[in-house]
Amino acid sequence: MNKDPLEELFGSFDETPEPVPARERLAHEQAERVRTAQLPAERSATRSTSTLPRDDSDAGRNRSSSAKPWIIVGIVAVVAILASIVVLNLARGGGDEPTPTAGPTTQAPTTTEAPKPTPTPSEKPETDKPDEDEPPAVDVGDTYGFPITQWNATSQWPVRLGGATYALSGADNAELRLSGELFNSFPDACAAMRTEWGASRQPDGSFAVAKPASKCTAAPELYDEVWGLLNAWVGTMKAG
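Computed from a predicted structure; not experimentally measured.

(A) Quick peek at the confidence of the model for the protein. Taken as a whole, the protein shows an average pLDDT of 75; of its residues, 58% reach a score of 70 or greater. In the predicted structure, residues 48–53 sits below a pLDDT of 50 and forms one contact with residues beyond four places in sequence or in another chain. Residue range residues 121–130 is modelled with pLDDT below 50. Its contacts to residues more than four positions away, or to other chains, number one contact.

See the structure below:
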């Protein structure tokens, strides 16, 4: 037969409990109060420990701390790549020629004619040759009067021609031939021209020098001197 739950908990009503000393009962009650006071704190601590969610901020902080070195390394790598690209572009830009955006325009070459050199006053063009009909310029020096009575003319004879005589011939005595020491000094190669020097009277009344038809190649300086002096003498002739 089952017992009454009250009897199992508190005992039989018929049984008389033994008396408990007051000091022991007081100590037992104090211990029971301390135990019952600690149970809620332990349960709450256990509950908070078992049910407290994990702090995501701490985990994120730990992850961010561990990821910082890799982020710094990545930034440095990106900066280095960009710097190398810039340096490479600068190097290519300094060495390569710019690519033309349009086709080059061709232009026909223009030819400029170089100016021809003009001869200076002291120089003669190479093409110019001395005029054989132009008497050379000489230093006449001193002169004296030399009349030609047959022509009714006067003249100034250069002293450098030395002493000389003349003879007239031709129609109206228009041809005058000279002889003297200077004329006779021509070499034998030019002996024929010793008597071919003189003067002639023109139909208009002017006077001209008479000279050999060709130049004495054996004595060209003497030839030029006699010619120049006779040209100066004929230039002083005046009809009276």
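Structure shown, so let's carry the discussion forward.
(B) Molecular detail of the nonpolar core. Grouped together as the largest cluster of nonpolar side chains are 28 residues, with contacts concentrated most on W157, F183, F186, W197, L230 and W233. Those elements giving two or more residues to this core turn out to be strand 5 (175–180) and helix 4 (220–235). Dropping the residues within four chain positions of it, W157 is found in contact with D142, T143, Y144, F146, G162, A164, L178, F183, L230 and W233.

(C) Expanded view of the pattern of salt bridges. The tally for this structure, following the rule as stated, stands at four salt bridges. R160 is the salt-bridge partner of E225, the closest N and O atoms lying 2.9 Å from each other. Residue E225 is found in helix 4, and its partner R160 is found in the loop between strand 3 (156–158) and strand 4 (164–169); the two are separated by 65 residues along the sequence. By relative accessible area, which is 37% here, R160 ends up partly exposed. Between E175 and R177 there is a salt bridge, with its nearest N and O atoms 3.4 Å apart. What makes E175 partly exposed here is its relative accessible area of 29%.

(D) Summary view of the state of the cysteines. What the rule picks out here adds up to one disulfide. Residue C190 pairs covalently with C216 via a disulfide, S to S 1.9 Å. Taking the torsion about the sulfur-sulfur bond, which here is approximately 90°, the covalent link between C190 and C216 counts as right-handed. Taken together, the residues span a long stretch of sequence, with C190 in the loop between strand 5 and strand 6 (198–201) and C216 in the loop between strand 7 (207–210) and helix 4 at a distance of 26 residues. Residue classification places C190 among the buried positions, given a relative accessible area of 7%.

(E) Molecular detail of the sheet that holds strand 5. Spatially, 4-5-6-7 is the arrangement adopted by the four strands of the open sheet, whose pairing is antiparallel. The open sheet has two edge strands, strand 4 and strand 7, and neither has a second partner. Taken over all neighbouring pairs, the strand axes of this sheet differ in orientation by 25° on average, direction set aside. Lying on the sheet, helix 4 is in contact with strand 5, strand 6 and strand 7; it crosses strand 7 at an angle near 165°.

(F) Main features of the pairing of strand 4. Of the strand pairs in this sheet, strand 4 and strand 5 are connected by six bridges, and their pairing is antiparallel. Residue pairing in the sheet places A164 in a bridge with G180 of strand 5. Once strand 4 ends, the chain turns through five residues before running back antiparallel as strand 5, passing G170 with a positive phi of about 85°.

(G) Representation of the pairing of strand 7. Two strands pair when backbone bridges link them, and strand 6 and strand 7 are joined in this way by four bridges, in the antiparallel orientation. Within strand 7, the residue paired with A199 across the bridge is V209. In this antiparallel pair of consecutive strands, strand 6 and strand 7, the connection spans five residues, and G205 shows a positive phi of 95°.

(H) View of the packing of aromatic side chains. This structure, assessed with the given rule, holds eight aromatic pairs. Pairing F186 with W197 gives two aromatic rings, centres 6.0 Å apart and planes at 15°, and the pair type is stacked. Of the two residues, F186 sits in the loop between strand 5 and strand 6 while W197 sits in the loop between strand 5 and strand 6, which places them eleven residues apart along the sequence. Taking relative accessible area as the criterion, F186 reaches 1% and is therefore assigned buried. K211 extends its terminal NZ or CZ atom over the ring of W227, reaching a point 4.7 Å from the ring centre.

Reading the values: the criteria
- Residues numbered from 1 in each chain as written.
- Predicted model: local features only at pLDDT ≥ 70, side-chain atom pairs only at ≥ 80, totals over all residues.
- Heavy atoms only, no water.
- pLDDT = per-residue confidence, 0-100.
- Contact = heavy atoms within 4.5 Å.
- Core = buried A, V, L, I, M, F, W, Y, C linked by side-chain atoms within 4.5 Å.
- Buried < 20%, exposed > 50% of the residue type's maximum accessible area, 1.4 Å probe, protein only.
- Helix = DSSP H or I, 4+ residues; strand = E, 2+ residues; numbered from the N terminus.
- Salt bridge = Lys/Arg side-chain N within 4 Å of Asp/Glu carboxyl O.
- Disulfide = S-S within 2.5 Å.
- Pairing = 2+ DSSP bridges.
- Axes fitted to C-alpha atoms, helices over the stretch in contact; angles between N-to-C directions.
- Phe/Tyr/Trp six-rings, centres within 6.5 Å; stacked < 30°, edge-to-face > 60°.
- Lys NZ or Arg CZ within 6 Å of the ring centre and 35° of its normal.

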